[in-house]
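If you want the building blocks of each chain, they are given just below.
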Amino acid sequence: MSAITVKDLAVSFGHLSVLRDLQLGVNQGEFLVLLGPSGCGKSTLLNAIAGLIEPEAGTVEIGGRDVTHFEPKDRGIAMVFQSYALYPKMTVRGNLAFGLKVARLPRGEIKRRVHEAAEFLHITELLDRRPVQLSGGQRQRVAIGRALVRNADVFLFDEPLSNLDAKLRAELRVEIKRLHRDLGSTMIYVTHDQIEALTLADRIAVMKGGIIQQLGTPREIYDTPANLFVASFIGSPSMNFLEGRIALEGDVFHYRNAIFDVPLTAYPFARPPSHGQPVLLGVRPENIAVDGAPKPGEFCAEANVDLVEPTGADTVVWCQVGTHSISVRVDAAQIINERQKLCIGFDPGRASMFDLESGNRL
Ligand SMILES: Nc1ncnc2c1ncn2[C@@H]1O[C@H](COP(=O)(O)OP(=O)(O)OP(=O)(O)O)[C@@H](O)[C@H]1O
Ligand SMILES: [Mg+2]
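As a starting point, this report considers the structure included with it.

Parameters at a glance
Residues numbered from 1 in each chain as written. Chains lettered and ligands numbered in written order. Predicted model: local features only at pLDDT ≥ 70, side-chain atom pairs only at ≥ 80, totals over all residues. Heavy atoms only, no water. Buried < 20%, exposed > 50% of the residue type's maximum accessible area, 1.4 Å probe, protein only. Helix = DSSP H or I, 4+ residues; strand = E, 2+ residues; numbered from the N terminus. Pairing = 2+ DSSP bridges. Core = buried A, V, L, I, M, F, W, Y, C linked by side-chain atoms within 4.5 Å. Contact = heavy atoms within 4.5 Å. Axes fitted to C-alpha atoms, helices over the stretch in contact; angles between N-to-C directions.

**Section: the pairing of strand β9 (residues 203–208)**
(1) Moving on: Most of β9 is tucked away, with 5 of its 6 residues classed as buried.
(2) Moving on: Where strand β3 (residues 31–35) lies against β9, 4 bridges are found, and the strand directions are parallel. Within β9, the residue paired with Leu32 across the bridge is Arg203.
(3) Moving on: Where β9 meets strand β10 (residues 211–216), 5 bridges bridge the pair, whose relative direction is antiparallel. If you follow Ala205 over to β10, its bridge partner there is Leu215.

**Topic: the nonpolar core**
(1) Moving on: Counting residues in each nonpolar core, the largest one holds 46 residues, and the members touching the most others are Ile123 and Tyr189.
(2) Moving on: At 5 residues, helix α4 (residues 136–148) tops the list of elements feeding residues into this core.
(3) Moving on: Sequence-distant contacts of Tyr189, that is, excluding residues within four places in its chain, are made with Phe31, Leu32, Val33, Leu34, Phe157, Pro160, Leu161, Ile176, Glu196 and Leu200.

**Topic: the pairing of strand β20 (residues 352–355)**
(1) Moving on: Burial along β20 is two-sided: the face carrying Ser352 and Phe354 and the face carrying Met353 and Asp355 are both buried.
(2) Moving on: Bridging between strand β14 (residues 278–283) and β20 involves 4 bridges; their strand directions are antiparallel. Within the sheet, the bridge partner assigned to Val279 lies in β20 and is Asp355.

**So, unusual backbone geometry**
(1) Moving on: The amide bond that connects Ser236 to the next residue, Pro237, takes the cis arrangement and shows omega of -5°.
(2) Moving on: Turning to its location among the elements, Pro237 is positioned in the loop between α8 (228–233) and β11 (240–247).
(3) Moving on: Even without being glycine, Asn151 reaches a positive phi, approximately 50°.
(4) Moving on: Note on Asn151: relative accessible area 49%, which makes it partly exposed.
(5) Moving on: Positive phi, close to 45°, is recorded for Glu159, a residue that is not glycine.
(6) Moving on: By secondary structure assignment, the location of Glu159 is in the loop between β7 (154–158) and α5 (166–183).
(7) Moving on: Note on Glu159: relative accessible area 11%, which makes it buried.

**Describing helix α1 (residues 42–50)**
(1) Moving on: In terms of burial, α1 is largely enclosed, as 8 of its 9 residues are buried.
(2) Moving on: Those residues of α1 lying buried are Lys42, Thr44, Leu45, Leu46, Asn47, Ala48, Ile49 and Ala50.
(3) Moving on: Positioned one or two residues after α1, Gly51 has a phi angle of 90°, which is positive.

**Considering the sheet that holds β11**
Sheets are built from strands paired through backbone hydrogen bonds, the pairs being either parallel or antiparallel.
(1) Moving on: The antiparallel open sheet is built from 5 strands, whose spatial order is β13-β12-β11-β14-β20. The sheet is open, and its two edges are formed by β13 (261–263) and β20, each paired on a single side. Strand-to-strand, the axes of this sheet are offset by a mean angle of 40°, without reference to chain direction.

See the structure below:
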């Protein structure tokens, strides 16, 4: 089984430099997700690993072999794209077998692999149908099946579910997770859907402007985002940000107009802040408590409820704190009314502090 190492990778299209000096290591058997907004270079990176585009500089190693100048077919990879492009005139069986026939595998072996893949993906009863006779989800399964029959060590997925409706996406997401668990292959999966990333990944690489902003487990990315971009890209509703300054002598965060201070003794600063430094304090909606008596070391600020949004499982309460609009996630059973006054509090040890200028985590 293979691991993947990308070193000093640079890719340009004409004058447009998309990737520069990119480094990435994927462990054997790992499910790595490339996550980022449209145009950030996810597909470009995946295509460079697959050998579909020629890098300007840098190397790609798969399973310890330098494959930088190998043809895609010689890299030991299987790919699944967003547009599944099945051969319309062939049956599902023909679609699954096609690549194996081209590779001149023995008939018996082709039959066995097609049968196994079909069983695995629950499409055995569809083998004699043509793509036009399939639903979107079934077509996507066939596309995954075409990758599966190749017995590759490495699977590369480029937004394989984005053409499907929300319910099917959620179903196939679970199937892909099961596929990874049962095969144990190394997988790189491109998406701009944060839920897909958080649910599937062993590790997530969050990208922006061709640069990996943070590489970490879903927990690390969610709980300790490396910068403001990562913090605001992941989470819905987004992390709340309060603008203020560090006041070192009191070890506190001084909110804007000094309506309140947040004690920071429990905050694990990675780098020491300076006195008066302009910062943003970030806190996730579910980490804010309403109307609990503040424990020692915690703080409490007055908030005015603006809007109440029930989502079924829980309720999102939008309220005004100072000049900021803050979202708070509360239990659905908790009754909160618009225009009500609340006391909101949170554990500063679980908050995130960012330098206002650089956006980097402190
Ligand atoms: N063949 C190409 N020729 C010129 N520019 C390209 C080409 N392919 C991609 N680009 C540009 O490179 C940048 C990165 O594109 P890429 O397809 O990697 O983004 P992405 O992160 O996959 O986005 P999306 O989520 O929309 O698929 C974009 O600015 C895009 O316009
Ligand atoms: Mg793309």
